[in-house]
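Residue-level structure breakdown
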Amino acid sequence: MHTKVGKDLVQVKKLLENDDLVAIPTETVYGLAANALSDNALRKIFKTKNRPHHNPLIVHVPSIESVSSIVTSIPTAALTLLNSFSPGPITLLLPRNSQIPDIVTAGLPNVAIRIPAHPLALSLLSSLSFPLAAPSANLFGYISPTSPYHVQRQLNGLIPYILDGGNCTSGIESTIVGFDEDLPVVYRLGGISIEQLHQTIGEVRIHN
Ligand code: AMP
Ligand code: MG
């Protein structure tokens, strides 16, 4: 397979609608994106990355409204975090509705959701009728890529397209926050600090 590098959003949209994989830029790292509602497309992510199936994927959406369309409820603290830090490096674990396939969450009841702060990623997501599941665009066990060149070095010949959005501005992965009876629990520290979480939603528990 020939891997093209470019900025052609129309071609990228067609590939994703056809269940193909595309590497996309975000402000944190490049993601290996596929239709988050298509089992067929999602299986390609795990196969291409050699990623174990028990490792759930983060789903990317363009807006807070689109978060609502794939979950059954949003705790108040989650809404506060979305309003304060999205688009940005915050990922929320929220109860998924029946649209989200099991393979996305490794069978877990919650789905990880994030709104990436990259203009190209946001225009792509807004143009699609489905969200994108996107783990980092590296082979399992390797370093997450922060430029189209890094992606090419690992995935050349394995995917049809790398959407060129330049170098990632952050390079630090998203902070993951879940909720236990509506109380926030930090699952992974990243681009949003504990202090920033405290300032917006008060005390948070760290998952161990
Ligand atoms: P990444 O490989 O950077 O895309 O991050 C995916 C990580 O998010 C996983 O390895 C998990 O640690 C975390 N994650 C994703 N979905 C869930 C979920 N439903 N429940 C708990 N953790 C999750
Ligand atoms: Mg990763």
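Attention here is on the structure that accompanies the text. (Residues numbered from 1 in each chain as written. Chains lettered and ligands numbered in written order. Predicted model: local features only at pLDDT ≥ 70, side-chain atom pairs only at ≥ 80, totals over all residues. Heavy atoms only, no water.)

Observations concerning the pairing of strand β5 (residues 90-95)
Here is the rule we go by: Only protein chains enter the accessibility calculation, which uses a 1.4 Å probe; a residue is then buried when its area is under 20% of its type maximum, exposed when over 50%, and partly exposed in between. Runs of E in the DSSP output that reach at least two residues are strands. Runs of H or I that reach at least four are helices, and both are numbered from the N terminus. A pair of strands is considered paired only if DSSP assigns at least 2 bridges between the two.
For β5, the tally of buried residues reaches five of six residues, placing the bulk of the element in the interior. Relative to strand β6 (residues 110-114), β5 runs antiparallel, the two being bridged by five bridges. Looking at the pairing, Pro-95 lines up with Asn-110 of β6.

Description of the sheet that holds strand β7 (residues 132-133)
What counts, and what does not: Note on contacts: a residue pair is in contact if any heavy atoms of the two residues lie within 4.5 Å. Note on geometry: axes are lines fitted to C-alpha atoms, helical ones only across the stretch in contact, with angles between N-to-C directions running from 0 to 180 degrees.
Read from one edge to the other, the open sheet built from eleven strands follows the order β1-β8-β2-β3-β7-β4-β6-β5-β9-β10-β11, with strand pairing classed as mixed. Both outer strands of the open sheet, β1 (4-6) and β11 (205-206), are each paired with one neighbouring strand and no more. Bridging between strand β2 (residues 22-24) and strand β8 (residues 161-163) involves two bridges; their strand directions are parallel. Following the sheet pairing, Ala-23 is matched in β8 by Ile-162. The sheet contacts of helix α1 (residues 9-17) involve β1, β2, β3 (31-35), β7 and β8, and relative to β8 the element is tilted by about 130°. Helix α8 (residues 194-201) contacts β5, β9 (175-180), β10 (183-188) and β11 of the sheet and is inclined by roughly 165° relative to β10.

Overview of unusual backbone geometry
Omega for the bond connecting Ser-86 with Pro-87 falls within 30 degrees of zero, at -5°, which places this linkage in the cis form. With respect to the helices, strands and loops of the structure, Pro-87 is situated in the loop between α4 (76-85) and β5.

Observations regarding the nonpolar core
If you look at soluble globular proteins, the nonpolar side chains tend to sit buried side by side. Spelled out, the test is: We call a set of buried Ala, Val, Leu, Ile, Met, Phe, Trp, Tyr and Cys residues a nonpolar core when their side-chain atoms join them within 4.5 Å.
Counting residues in each nonpolar core, the largest one holds 45 residues, and the members touching the most others are Leu-81, Leu-92 and Leu-197. Looking at this core, the element that brings in the most residues is α4, giving five residues. Excluding its chain neighbours within four sequence positions, the residues that come into contact with Leu-81 are Ser-86, Ile-90, Leu-92, Val-177, Phe-179, Leu-197, Thr-200 and Ile-201. In this structure, Leu-16, Val-22, Leu-125 and Phe-130 belong to the second largest nonpolar core, which totals 15 residues.

Structural notes on the layout of surface pockets
Keep this limit in mind: Of the two site types, the cavity is a set of points on a 1 Å grid over the protein atoms alone where a 1.4 Å probe fits but cannot get out, and the pocket is an open set with protein on both sides within 12 Å along at least five of seven lines, each lined by residues with an atom within 4 Å of a point. Grid points are joined across faces, edges and corners, and a volume is the space filled by probe spheres set on the points. Nonpolar residues are Ala, Val, Leu, Ile, Met, Phe, Trp, Tyr, Cys and Pro. Charged residues are Asp, Glu, Lys and Arg, and all others, Gly as well, are polar.
Taken as a whole, the largest pocket holds about 590 Å³ of empty space. Forming the boundary of the largest pocket are 29 residues, of which Pro-56, Leu-57, Ile-58, Ile-176 and Arg-188 lie nearest the centre. Within the residue set of the lining of the largest pocket, elements represented by two or more residues are β4 (58-60), α5 (102-105), β6, β9 and β10. Take the lining of the largest pocket: its biggest share by element is four residues, from β6. Broken down by class, the residue content of the lining of the largest pocket amounts to 15 nonpolar, ten polar and four charged.

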